[in-house]
Structure formats: structure tokens, C-alpha cells
Amino acid sequence: MPISGSEIVKMLPGRKPCKDCGFPTCFAFAMKLATGGAALDKCPYLSPEVKAKLEDLLAPAIKLVTIGTGDNKVQVGNEEVIYRHEKTYVHPPGIAILISDKESDAKVDEKIKKVKELQFPWVGLMLKAELLALQFESGDRNKFLALVKKASASNLGMILISQDLDTLFAARDLCADQKPLLYPITKENIDQAIPKIKEKPTPVGVRGASIEELIPLTMKLKEAGVDDAILDPGSKNLMDAIRDQTFIRRAALKQGFRPLGYPTIAFPCFMAKDGLKEILTASVFINKFAALIVLSDFDQFSLLPLLVQRLNIYTDPRFPMAVEEKYYEVGEPDASAPVLITSNWALTYFIVYSAIESTKIPSYLLVKDTEGLGVLTGWAAGKFTGDQVGAMVKKSGIESKIKNKKIVLPGRVARIKGELEDALPGWEVVIGPREAAGIGAFLPEYVKTLRK
Amino acid sequence: MEYKAPKEAYKGVVREVTIGKGDKALKIGGENILPLHFFDEGSLPNPPRFALEVLDMEPADKVPHLLEPFGDAISDPIKWAKKCETFGVDAVCLTLVSTDPAEKDAPADGAAQLVKRMASEIKKPLIVYGSGDEKKDAEVLPKVAQVCAGENLLIGPVQKENYEVVGKAILDNGHVAIAQSPLDINLLKELNVKLCKFLPPERVVIDPLSSALGYGIEYSFSLIERVKQIGVITKDSMTMMPIIANLGDECWKTKQAK
């Protein structure tokens, strides 16, 4: 629950304008503090107690936790909303592959290699899984430590899983500077664990049999100065998991309940029996707040949809992805190439572009700025009218590139044909398919008419 | 610090809509909680229902994986629909693609006769989508509504360009409307307001348009979440309708599916 500026100002010293913080009054400073626009350190007159209290009140409702280091680190938490349309989700969940020390060397190598190499280019980004979850199952500590050693050489972020606390910390000692997540800290082992965690601080995964069981654990950790925690409410099935994930998010954001103000971890690997169900379970956790998702295994066909879903759900809904207004070349078009036009919403552009590309017909694709709206919505919003499209076509310089002055208009906005022809004297406007899916059938036939 | 489970309770109730008649009748909607939030105060009496897609002509560019389970049945829409029933569907969704001016521009009469036959031969409720061409649908869908009077079909898309004529035929002949608007909460509400001036709101189902993964699913996701919230949480009458997601075609036309 965010604290307001007027509540903060009551706690400030209220010295008549000292302005030492750089703001004209305490009130102005308080307002900035509330929105994160100023640092508390700027006020030199706060008592340590008040400062600590304010720091706590101003801290994000969900703690930011970092696993791993350098380029491979995964940051989770700091989320501000329950539903993405309220603002945006911030830190996409880290996806981990589970490796048991009972698995063969070949299998271990294959899994590490997958996380390192299974990457997918997508709309100018590179999508990939990022974490290794290493599980002590064999009963032979040396075997597990050998696995941890091998995995840590990859420099990937790691989750160390061991019910045996000594083994867990022995593994931690091999790679503490790589900031692995230690899991699980439970009510049974927390008292023994705390002093060891403090020796070489890394994030810890706290497991309870329920949300209620987690609360005293995180409170105890925090008292001991351990605040980089990840929560596992021990949900037994998918419905319980949706409830637990939702309650934790609501408690942190709507109730300002600090003991649950941490990111969460989910284990589809232990919840589902077959690969497809496991991926579907994981997809629920992408929508429902998990910050770390551990899978037993994946391949390109199961991983890609999850990564795309994660990208989609964590895209900021306040800013439609848009591309630049200009003409784009698909393949290497010459003077007799067809000219098509669409709007600058990134999705529209990519769909139309790839539909043209798959016909293997070199073309020009004009993109009109509709402030990131699709063609029909852009037209409805008055950003894809005949006049505007005409002016854009002239300005684009496409005219000097081609000899047939013909332009293909998306079928959905066929109604602007007349207007566009008025705005573009000498041009012929051809009505194209209503959907990008129709381009495959339309373009080859259309090109024949151009060549006649 | 005391923890109290953050259960929520809301004011709005999604209208319960019935499609199909007699022992085919199927209820949808009726919930006063958000989807999957069974832990909140309230209930979801009718779980989501699944329909399988049937086209009124043999699909030209569909992927083999998609067609394989149907075998030869895809050459005959009625057989295709019956095949769907063997898979345990809750409803069948027939799309009249052949009436699209960009396809065969098939006449309204034939399409309406096919719908009538299908409605009488299958045991599940029937959903009927026109081609989406708002002019042609204004001829085809009223014809379908008339010829199948009393069948209580779920018919759409009713769009802002043709809602008067299509909506009227749906009202007069005892069917339910699919109100479709392009991925925008304001356009969606505006259409519902216009439509509900003459059509009872419990005869309206919302189609906010669905998108495939990687092709805009985040827009559908957030829009559907918002529609549900505005309806259930703030009790906005014009969004308290069930939602239909017509997503088969959206998914199978993606590059990855092919």
C-alpha cells in the first residue's frame, strides 16, 4: 500500500525552509518521496528511527530480488499491480530447468546446453530460459557438489535445492559469489539456517505448507536481516496455486502486508505428470504472478510458446509497440515491384511483412503512422484517412522508386479508396485482401497484372 | 501484523444466457466472481464451454494437423459437425465462409438452409458466424435468423455497421447475438448500448476479438480481463455479458502453425 505525501510530511522535521534537500518545503520533498522522485538521504535532519521507518514505508510493496550476477542475472519482484492493464507488469518470471544429481552426465550436459543455446529471435529480441535448478536427490553429497561445480562454470543463474541443510550450504560455498537461490528454508530448518545464510548472503527460497506458514518465516528472516526472499506457499494443485499466488499478490499490494511482500516461485515440474500439462501449468503461472518457474525439461516446441507468452504478458500495455513511418523493402524490390500500405502498429506490420515475405515476391511495404493502432482502428480513430495516407505516400519518396503508380489498400478500409485517389492524382488504388492471411493468395495474381 | 486472507466480493453478476432450445439448451455466464477466482465470495455456476469449428466449405489453406482428426468429414459440413460431436464438444460453431464476397460469395438462401439442416441434425447447440463482411452479413445473418426461427442459435458477428438489421432479425426470431467489436473497450460498450436499446441484454454475448499467442494475445488478454472486471467488480450493465473467444482460425493462420 503506497504511502501518500501528506502522511510522509508528518514524519519530516518540518524545519522552516532549510531547503537542504533541494526542495522549497518539507511538503514538496514529501510529495517527491511518495512518487519515488527523491531520495530519503537528502534530508539530513531525520533521526535514525524515523529514517528506518520511512525507508520501510517507502520500500516497494514487493521486494526486488536478484538471482545470479552479471549478464545472466535474473531480477524479479518490484511489481506494482495485480492486473497488467492497471499499469504494467515489470519483471518477467525467470524460467529454470530442473537438473537432478541422479541424472546422467550426458543428460546434465544436454540440459545446461539447452539453457545456454536454445534461443529464439523474436521481433528484434532474443528469447531464452535463464536459470538452472539443481536438485540434491542422490544422497551422495559429493555427487551433488560435482553437479553444482559443473553448472556454476556456465555462469548461469542457479537455484540450489536440497532438503539436507549441510549439503545446501556446502553447495552454496562453491558458488556464493554467483548469488544462487537457496531452497528450501522451512519452519524445521530456519533456526539452523539463519546464521549460515548470514555468513555469505544470497537469496533464499522459503517454503511453507500454506501462506499462513510462510508469514512467521519471512518475519524471522527479516528480523535477522535477511530480506532477499522468494516465497513458495506449497500449493498442492493448480487451483490452490492460483489462489495462493493471487492472495500473496493482493496481500502485498492491497493490504501492504510486508511479510508477504516477496516474489514467488512455482514448480510445474513437480505438479504435472506429462510434458504438455507441465507447460500448460507453467503458462498459468506466467499469467498468475509467479516470479520463478521451474520446469523438469523442455525442447524448442514447448519452450518457445512459453517465452512468447511471457513476452506478451509482460509488454507494457501503456505503449503500443509501433514501427517507424516510412517505406520498407521486402526482399529486393525493383521498379516493377508492388506497393502495399498498412499501419504502424508493430503487430500489424510484422504480420503483413511476414505474409508478403512468404510469397517471395519482392515488394514495397508503406507504413503509415497511426500511433500504434491497427488499420481499421486507425481509420476509426481518424489516423488512416484518404487524405493522410495520400500525404504520407507523397512524402515517403516511394514515387521515385517505382514505375507503376499503383497502391494496394487493405480490404478493411476499402471505403477510403475514393478519397485516396483524390489525394493521389495519377495513382490507381487497388483493394487488397481484408486480412494479412489473404496476401498469400492475392499477391501472386496481382503481380501478374502489374507485369502485363 | 495480522494476516487476513484477502478474499473479495463484488456487486456485479454476469447475465446468464441460454443458447439452443429444449434438451439442447446450454447455459453460459451467471458468475459473480472473476474467472478462476473460486476462492473469492461468489460462484461461477456455468464453467466455460467448448465448441469446435466447422466451415461451410472445404477449407483451402488449413494445415494437415488440424484436418487429420476429421478425415473425410470435412467435405460435408453436416458430417463434419457430427464428427465434432463425437469428440464431446459442448457446441458446434459453423462459419459461413463461402458467403464471403472474397470467397465464393455464396447466396444467403443456401447458407440459411444449411444452418437449418445442421441445427436439426446435431444434438448440441449451434453457433453461427457469418463471413465478417458487414454488408454481406447484413443479408446472410437475417436470412439465417428467419429460416431458423425459434432455434435459439448464437448468431454473429453483429457489428456496428449492421447491428440494426442483424440485431432486429435476431430479436424477432428468438436467437442470441454475438456483438463483435475490434479489441477496444469503448467500441465494445458503445455497440452493446446501441444493441440493447432493442435487444434484451440477456440475449447478447460479447466477442472482443481474440488473437493468437505472439500475434497480439496480450491485447485480448487484458481486454477480456477488463471487461470481466468492469462487469463483475463495478457492475457496469453493458459489460455484464458472457464472452465468446473465437480463436481457432486466429491460431491456425499463424506462420508457426503452418
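Nothing here was measured: the structure is a model prediction, and the numbers come from that model.

(A) Expanded view of the overall build of chain B. A count of helical and extended segments in chain B gives eight helices and eight strands. Computed over its C-alpha atoms, the radius of gyration of chain B comes to 18 Å, within 12% of the 18 Å expected for a compact globule of 258 residues. In terms of overall dimensions, chain B has C-alpha extents of about 65 × 40 × 35 Å along its principal axes. Residues classed as buried in chain B amount to 55% of the 258 residues present. When contacts within chain B are restricted to residue pairs at least 6 apart in sequence, those whose partners lie at least 24 apart make up 67%.

(B) Molecular detail of the overall build of chain A. When helices and strands are tallied, chain A shows 17 helices and 17 strands. The C-alpha radius of gyration computed for chain A amounts to 28 Å, which surpasses the reference 22 Å derived for 452 residues by more than 25%, pointing to a less compact arrangement than a globule. For chain A, the spread of C-alpha atoms along the three principal axes comes to 85 × 70 × 35 Å. By residue count, 51% of the 452 residues in chain A fall in the buried class. Counting only contacts in chain A whose residues sit at least 6 apart along the sequence, the fraction spanning at least 24 positions is 66%. Taken as a whole, chain A presents about 20100 Å² of accessible surface, with 53% of it coming from carbon and sulfur. Distance from the positive charge centre (60 side chains) to the negative charge centre (55 side chains) of chain A: 3 Å.

(C) Layout of the state of the cysteines. Going through the model one piece at a time under the given rule, you end up with zero disulfides over all chains. Residue Cys269 of chain A stays outside any disulfide, its sulfur separated by 19 Å from that of Cys175 of chain A, the closest cysteine. On the basis of relative accessibility, which here comes to 11%, the residue Cys269 of chain A falls in the buried class. In this model Cys93 of chain B remains outside any disulfide bridge; the closest cysteine sulfur is found in Cys84 of chain B, 9.8 Å from its own.

(D) Molecular detail of the environment of Glu225 of chain B. Of note, Glu225 of chain B is situated in helix α7 (residues 217-232). With a relative accessible area of 13%, Glu225 of chain B lands in the buried category. In the structure, Glu225 of chain B is positioned 191 residues away from Leu34 of chain B in sequence and 8.4 Å away in space, judged by C-alpha atoms. Excluding residues that lie within four positions of it along the chain, Glu225 of chain B makes contacts with Tyr83, Arg84, His85 and Lys288 of chain A.

(E) Representation of the pattern of salt bridges within the structure. With the rule as written, the count across this model stands at 44 salt bridges over all chains. The partner of Glu421 of chain A in a salt bridge is Lys417 of chain A, with the nearest N and O atoms 3.5 Å apart. With Glu421 of chain A and Lys417 of chain A both in helix α16 (residues 417-423) and four residues apart, this pair spans about one turn of that helix. Of the residues examined, Glu421 of chain A reaches a relative accessible area of 26% and is grouped as partly exposed. With a relative accessible area of 29%, Lys417 of chain A lands in the partly exposed category. Among the ionic pairs, Lys160 of chain B bridges to Glu161 of chain B, the shortest N-O distance being 3.5 Å. For Lys160 of chain B, a relative accessible area of 42% puts it in the partly exposed group. Residues joined in a network through salt bridges with shared partners are Lys107, Glu110, Lys114 and Asp297 of chain A.

(F) Structural view of the sheet that holds strand β10 (residues 229-232) of chain A. Residue and element names in this part refer to chain A. Read from one edge of the open sheet, eight strands run β10-β9-β8-β7-β6-β3-β12-β11, paired in parallel fashion. Each edge of the open sheet carries a strand with a single partner, namely β10 and β11 (265-266). Where β11 meets strand β12 (residues 292-295), two bridges bridge the pair, whose relative direction is parallel. Counted as the bridge partner of Ala266 is Ile293 from β12. Contacts from helix α8 (residues 211-223) reach β8 (181-185), β9 (204-207) and β10 within the one sheet, and its direction differs from that of β9 by about 150 degrees. On top of the sheet, helix α12 (residues 300-313) reaches β3 (94-100) and β12; it is set at about 150 degrees to β3, its chief contact.

(G) View of the interface of chain B and chain A. Contacts between the two partners involve 35 residues from chain B and, on the opposite side, 40 residues from chain A. In total, chain B and chain A occlude about 3400 Å² of area from one another, counting both sides; carbon and sulfur atoms represent 63% of this. Summed over the shared surface of chain B and chain A, the number is five salt bridges. Here Arg250 of chain A ties to Asp40 of chain B by a salt bridge, and the two come within 2.8 Å at their closest N and O atoms. Seen at the junction of chain B and chain A, the total is 13 residue pairs in polar contact (both at pLDDT 80 or more). Per-class residue counts for the side of chain B that touches chain A are 15 nonpolar, seven polar and 13 charged.

(H) Main features of the nonpolar core. Leu132, Leu134, Leu160, Val204 and Leu260 of chain A are the most contacted members of the largest nonpolar core, which has 84 residues in total. Top element by residues in this core is helix α9 (residues 238-253) of chain A. It accounts for seven residues. With residues near it in sequence (within four places) discarded, Leu134 of chain A still touches Ile99, Phe144, Leu147, Val148, Ala151, Met158, Ile159, Leu160 and Ile161 of chain A. Judged by nonpolar contacts, the second largest core, of 50 residues, contains Leu67, Trp80, Ala112 and Leu188 of chain B.

(I) Expanded view of α7 of chain B. The terminal C-alpha atoms of α7 of chain B lie 22 Å apart, and with 16 residues this matches the ideal 22 Å at 1.5 Å per residue to within 8%. Most of α7 of chain B sits inside the fold, with 12 of its 16 residues counted as buried. Looking at the buried residues of α7 of chain B, the elements they touch are α11 (275-287) and α12 of chain A together with α6 (185-195) and β8 (204-207) of chain B.

(J) Geometry of the packing of aromatic side chains. Residue and element names in this part refer to chain A. Taken as a whole and assessed by the stated rule, the structure comprises 16 aromatic pairs over all chains. Aromatic side chains Tyr89 and Tyr314 sit 5.2 Å apart centroid to centroid with 50 degrees between the ring planes, which places their arrangement in the tilted category. Residue Tyr89 is found in the loop between β2 (74-76) and β3, and its partner Tyr314 is found in the loop between α12 and β13 (326-330); the two are separated by 225 residues along the sequence. You'll find Tyr89 and Tyr314 in the same group, each marked buried.

(K) How the structure looks around the confidence of the model for chain B. On average, chain B scores 94 in pLDDT, and the residues at 70 or more come to 100%. Across the whole predicted complex the pTM is 0.85, and at the interface the ipTM reaches 0.94.

(L) The arrangement of unusual backbone geometry in detail. Here the amide bond leading from Tyr183 of chain A into Pro184 of chain A is cis, since omega sits at -5 degrees, within 30 degrees of zero. Checked against the element boundaries, Pro184 of chain A lands in strand β8. The omega torsion across Gly156 of chain B and Pro157 of chain B is 0 degrees, close enough to zero to call that bond cis. Turning to its location among the elements, Pro157 of chain B is positioned in strand β6 (residues 154-158). One non-glycine residue, Phe289 of chain A, lies in the positive phi region at around 75 degrees. Structurally, Phe289 of chain A is set in the loop between α11 and β12.

(M) Spotlight on the sheet that holds strand β5 (residues 126-129) of chain B. Residues and elements named next belong to chain B. The strand order across the open sheet formed by six strands is β3-β4-β5-β6-β7-β8, and the pairing between neighbours is parallel. The open sheet has two edge strands, β3 (51-55) and β8, and neither has a second partner. Each neighbouring strand pair of the sheet contributes to a mean axis angle of 25 degrees, computed without reference to strand direction. Of the pairings in the sheet, the one linking strand β7 (residues 176-180) to β8 comprises four bridges and is parallel in character.

About the criteria used
Residues numbered from 1 in each chain as written. Chains lettered and ligands numbered in written order. Predicted model: local features only at pLDDT ≥ 70, side-chain atom pairs only at ≥ 80, totals over all residues. Heavy atoms only, no water. Helix = DSSP H or I, 4+ residues; strand = E, 2+ residues; numbered from the N terminus. Rg over C-alpha atoms; globule rule 2.2 N^0.38 Å. Buried < 20%, exposed > 50% of the residue type's maximum accessible area, 1.4 Å probe, protein only. Contact = heavy atoms within 4.5 Å. Areas by Shrake-Rupley, 256 points an atom, 1.4 Å probe, with all protein chains shown as cover. Lys, Arg positive; Asp, Glu negative; His and termini not counted. Charge placed at Lys NZ, Arg CZ, Asp CG, Glu CD. Disulfide = S-S within 2.5 Å. Salt bridge = Lys/Arg side-chain N within 4 Å of Asp/Glu carboxyl O. Pairing = 2+ DSSP bridges. Axes fitted to C-alpha atoms, helices over the stretch in contact; angles between N-to-C directions. Buried area = accessible area lost by both parts, 1.4 Å probe. Polar contact = N/O pair within 3.5 Å; in protein donor to acceptor, adjacent residues only side chain to side chain. Nonpolar A, V, L, I, M, F, W, Y, C, P; charged D, E, K, R; others polar. Core = buried A, V, L, I, M, F, W, Y, C linked by side-chain atoms within 4.5 Å. Expected span 1.5 Å × (residues − 1). Phe/Tyr/Trp six-rings, centres within 6.5 Å; stacked < 30°, edge-to-face > 60°. pLDDT = per-residue confidence, 0-100.

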